[in-house]
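Chain by chain, the residues run as shown.
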Amino acid sequence: MTGRIRDEAIRTVRERASLSEVVSDVIALRRRGRSAVGLCPFHAEKTPSFTVSEDRGFFHCFGCGEHGDVFGFVMKTQSLTFPEAVRRVADRFGVSLPEEAGEPARRREPLTAANAAAAAFFQAELRGSGGGRARAYLRERGLTEEVIERFGLGWAPGAGEALARHLRTKGVPLEDALTAGLVMRRDRPDGAGGVLDRFRERIMFPITDTSGKVIAFGGRILPGRPAGGEPPPKYLNSAESPVFRKGHTLYGLALARDAIRKADRAIVVEGYLDLIALAQAGIGEVVAPLGTALTAEQLRLLRRFTETVIACFDGDLAGRRAAARSFPVFLEAGLWGRGAFLPAGEDPDTFVRAQGRVALEGVLAAAEPLVEAFVGELAGPKAEAVGRYAQAAREVARLLKRVREPHEFDVLVRLAAQRLGVREETLRSEGAPGVAPAAAPDEPHAPGAEATLVELMAEDATLAERVAACGIIAEFQHPEWRRTAEALARGEETDRMAVVQSLPRGMRDRLARRLLAERPDAAAERDRALADCIAKIRRRGQRGEERRLRDEIRTAEARGDAAAVEAAMRRLKQLMDEAQAEKART
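Remember, predicted model here, so these are calculated numbers, not experimental data.

(A) Expanded view of the overall build of the protein. Summing up its helical and strand segments, the protein has 26 helices and 16 strands in all. Looking at the 586 residues of the protein, the share that counts as buried comes to 45%. Expressed as a percentage of contacts within the protein between residues at least 6 apart in sequence, the contacts between residues at least 24 apart total 65%. Approximately 28900 Å² of the protein is accessible, and the part contributed by carbon and sulfur atoms is 52%.

So, in structure tokens, the structure goes:
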């Protein structure tokens, strides 16, 4: 992991970069006034609604609502993280990037070099005389030479130090080979040390990062291994290292990324050979976890490419239970997810080889929302089992407490209430994280003062600073607007465009139209709106305090506490005088 990029460096890259030039690599643009328009690369359209403002440094699609700056465009079109996008743009426009303290890139490079050398060794061994059994097995599994080459499959020979000797001849330091998990130390009874290859007599599957660099391996033993001794694990992965984190990596993603983007979906299968079989059948948008259950981190990685994720499960009871268990993980990653259920006893590899691509596409087309499996498993098969439904409702409420996005909260509540036959209000109150996250107001209602302030902060960073300085955010009542305003007030370069993109669709469209309008009185209009919104929020707080004081006066009068009545009336008069003075100033 490289160091954190400083905010000043990010601003410099943004100022030097040409957004129009970057966008023109992907779509054709034509000038329209001071902006440029083209067909949106993020959804199918015949009339251009994708607008690029070079002066303002943002793009906006009035068709699908996508919005962002040059980094956001590179992230979306090239499926990169924010730091990766910043470095990519910086390289293109010749901007150097000083970074804050972090693990230096030079520590990763020797490990990727060691893994690349090992991958070449394994591939050569598969092609050589010692790889005959492995080649025969791969042919039995229906793999062609082309797909074997494409996925870089290899063979780890049984000699205990074959790879270690090869890496020495290539000048790979022993410590790098150890850290990368390619070899391991062994202790001998006579006290002598040495190293041993981690992978022996296994078909090797290179595991890459999203850019295609080999960072680890998975190894599969051949069937028919002679009996005797403790049986080895069927699959063995590299140990975790500075370049490889098992729960954060997906097999096949580097090869699948373009297909995922084109199909706008990702298929998740369980094993390496399942994935390769589907790819060979022409379904390229497929990935696999690394021998463990799918993690939220892996799904967040996948979400950079698409929000349509279909996981394949066995069609028996165990498969449906597995689908139910996966739903909370999908939800944690911000995805709903769908489950495709294969006939009992089949896996994607055997099914696609026996039935063909068309049959598998039919199974994928019939994929069900995972929320159905989740709620169905909780409720159980008996509709009259009231106790099970009550238990399911409690479990859904517990899960809802982890949902921070208001729109996802709202949709899940409605679905769960309908499926379980319970009241939405009950789930909303029991599942609320502190306070029930109300959905952010959106069209067709006019935005309130809090929403308008958020909109102004998103439009102009200097206004965000002024709003933060006056302390009005603490008086926000809507939890989502408060969270958004706080994020904009922090002013961090890495967060700003992501926050804007998370705004409701209607707000993003209004924001883009105003920024593109170039009105001469825009600054004065923003100032007036800012003052008006702050005044409205403060008057709302004053009215609430006035109501509280009047209640306090009535209570004190009822118990005959004259001193408390007098103190509350003095405070009430002070509040009313302040409100009158504020009204006179405006």
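Structure shown, so let's carry the discussion forward.
(B) View of the environment of A367. Tracing the chain through its elements places A367 in the loop between α15 (357-365) and β16 (368-369). Here A367 falls in the buried class, since its relative accessible area comes to 4%. Spatially, the C-alpha atoms of A367 and C312 are 8.7 Å apart, while their sequence positions differ by 55 residues. The contacts of A367, once residues within four sequence positions are left out, are I310, R338, G339 and A340.

(C) Just unusual backbone geometry, in detail. The residue E201 is not glycine, and still its phi comes out positive at about 50°. Position of E201 relative to the elements: it lies in the loop between β8 (195-197) and β9 (202-208). A relative accessible area of 32% means that E201 is categorised as partly exposed.

(D) The sheet that holds strand β15 (residues 338-342), seen in detail. A sheet is described by the order of its strands in space; here 5 strands give the open sequence β13-β12-β14-β15-β16, paired in mixed fashion. Across the chains shown, the open sheet's two edge strands, defined by having one partner strand only, are β13 (286-287) and β16. Relative to β16, β15 is paired through 2 bridges, and the arrangement is antiparallel. Across the sheet, the residue bridging to R338 is P369, located in β16. Running at roughly 150° to strand β14 (residues 309-314), helix α13 (residues 317-332) makes contact with β14, β15 and β16 of the sheet. Together, β12 (266-268), β14 and β15 form the strand contacts of α15, whose direction differs from that of β15 by roughly 135°.

(E) Representation of the layout of surface pockets. Of the volumes computed, that of the second largest pocket is approximately 930 Å³. Along its surface, the second largest pocket is lined by 33 residues, and V269, E270, G271, P289 and T292 are the ones closest to its centre. Taken together, the elements giving at least two residues each to the lining of the second largest pocket come down to β11 (235-237), α11 (272-280), β14, α13 and α14 (348-355). With 6 residues, the top contributor of residues to the lining of the second largest pocket is α13.

(F) A look at helix α24 (residues 505-517). Taking 1.5 Å of rise per residue, 13 residues should cover 18 Å, and α24 covers 18 Å from first to last C-alpha, within 8% of that figure. Burial in α24 covers these residues: G506, M507, R508, D509, L511, A512 and L515.

(G) Examining the packing of aromatic side chains more closely. Scanning the entire structure with this criterion turns up 17 aromatic pairs. Each residue in the set F42, F50, F59 and F73 is aromatic and connected to the rest through ring pairs, giving one cluster. The ring of F199 has R198 sitting right over it, with the charged end atom 6.0 Å from the ring centre.

(H) Spatial organisation of the nonpolar core. One finds L153, F217, Y251, I267, I276 and L360 to be the most contacted residues of the largest nonpolar core, which totals 65 residues. Of the residues forming this core, the biggest block, 8 residues, is contributed by helix α5 (residues 105-127). V287, L335, L370 and F409 belong to the second largest nonpolar core, which has 41 residues in total.

(I) Structural context of the pairing of β14. β14 sits mainly inside the fold: 5 of its 6 residues count as buried. Inspection of the sheet shows β14 paired to β15 by 5 bridges, in the parallel sense. Paired with A311 across the bridge in β15 is G339. As a crossover connection, the stretch from β14 through α13 into β15 is right-handed.

(J) Inspection of the pattern of salt bridges at higher detail. One pass over the full model with this rule turns up 21 salt bridges. The closest approach of N and O atoms between R92 and E21, which form a salt bridge, is 3.2 Å. Here the residue R92 occupies a position in helix α4 (residues 82-92), and E21 occupies one in helix α2 (residues 19-24), the gap between them amounting to 71 residues. A relative accessible area of 39% means that E21 is categorised as partly exposed. Taken together, the salt bridges that share partners define one network made up of R265, E285, R357 and E361.

(K) Spatial organisation of the environment of T77. With respect to the helices, strands and loops of the structure, T77 is situated in helix α3 (residues 70-78). With residues near it in sequence (within four places) discarded, T77 still touches V26, F42 and R261. Polar contacts involving the side chain of T77 include one to the main-chain carbonyl oxygen of F73, which spans 2.7 Å.

(L) The arrangement of α3 in detail. Within the sequence span of α3, burial applies to V70, F71, G72, F73, V74 and T77. For α3, the secondary structure elements touched by its buried residues are α1 (7-16), α2, β3 (50-53), β4 (58-61), α4 and α10 (253-263). Between the side-chain oxygen at the start of α3 and the backbone nitrogen of F71 there is a gap of 3.2 Å, and the oxygen is on D69. A positive backbone phi angle near 55° is found at S79, which sits one or two residues after α3.

(M) Spotlight on the packing of helix α20 (residues 449-459) against helix α22 (residues 479-490). Two elements in contact, α20 and α22, have axes whose closest approach is 10 Å; the angle formed by their N-to-C orientations is 25°. It follows from the interaxial angle that α20 and α22 lie roughly parallel. Our pair here, α20 against α22, has a crossing hand that is left-handed. On the side of α20, the interface is formed by E450, A451, V454, M457 and A458, while α22 contributes W481, T484, A485, L488 and A489. Across the contact of α20 with α22, the residue classes break down as 8 nonpolar, 1 polar and 1 charged.

So, how was this worked out
Residues numbered from 1 in each chain as written. Predicted model: local features only at pLDDT ≥ 70, side-chain atom pairs only at ≥ 80, totals over all residues. Heavy atoms only, no water. Helix = DSSP H or I, 4+ residues; strand = E, 2+ residues; numbered from the N terminus. Buried < 20%, exposed > 50% of the residue type's maximum accessible area, 1.4 Å probe, protein only. Contact = heavy atoms within 4.5 Å. Areas by Shrake-Rupley, 256 points an atom, 1.4 Å probe, with all protein chains shown as cover. Pairing = 2+ DSSP bridges. Axes fitted to C-alpha atoms, helices over the stretch in contact; angles between N-to-C directions. 1 Å grid on protein atoms, 1.4 Å probe; cavity = no way out; pocket = protein on both sides within 12 Å on 5 of 7 lines; lining within 4 Å. Points joined across faces, edges and corners; volume = space filled by probe spheres on them. Expected span 1.5 Å × (residues − 1). Phe/Tyr/Trp six-rings, centres within 6.5 Å; stacked < 30°, edge-to-face > 60°. Lys NZ or Arg CZ within 6 Å of the ring centre and 35° of its normal. Core = buried A, V, L, I, M, F, W, Y, C linked by side-chain atoms within 4.5 Å. Right-handed = clockwise from strand over helix to strand, strands pointing away. Salt bridge = Lys/Arg side-chain N within 4 Å of Asp/Glu carboxyl O. Polar contact = N/O pair within 3.5 Å; in protein donor to acceptor, adjacent residues only side chain to side chain. Parallel < 35°, antiparallel > 145°, perpendicular 65-115°, else oblique. Left-handed = near helix turned anticlockwise from the far one by under 90°. Nonpolar A, V, L, I, M, F, W, Y, C, P; charged D, E, K, R; others polar.

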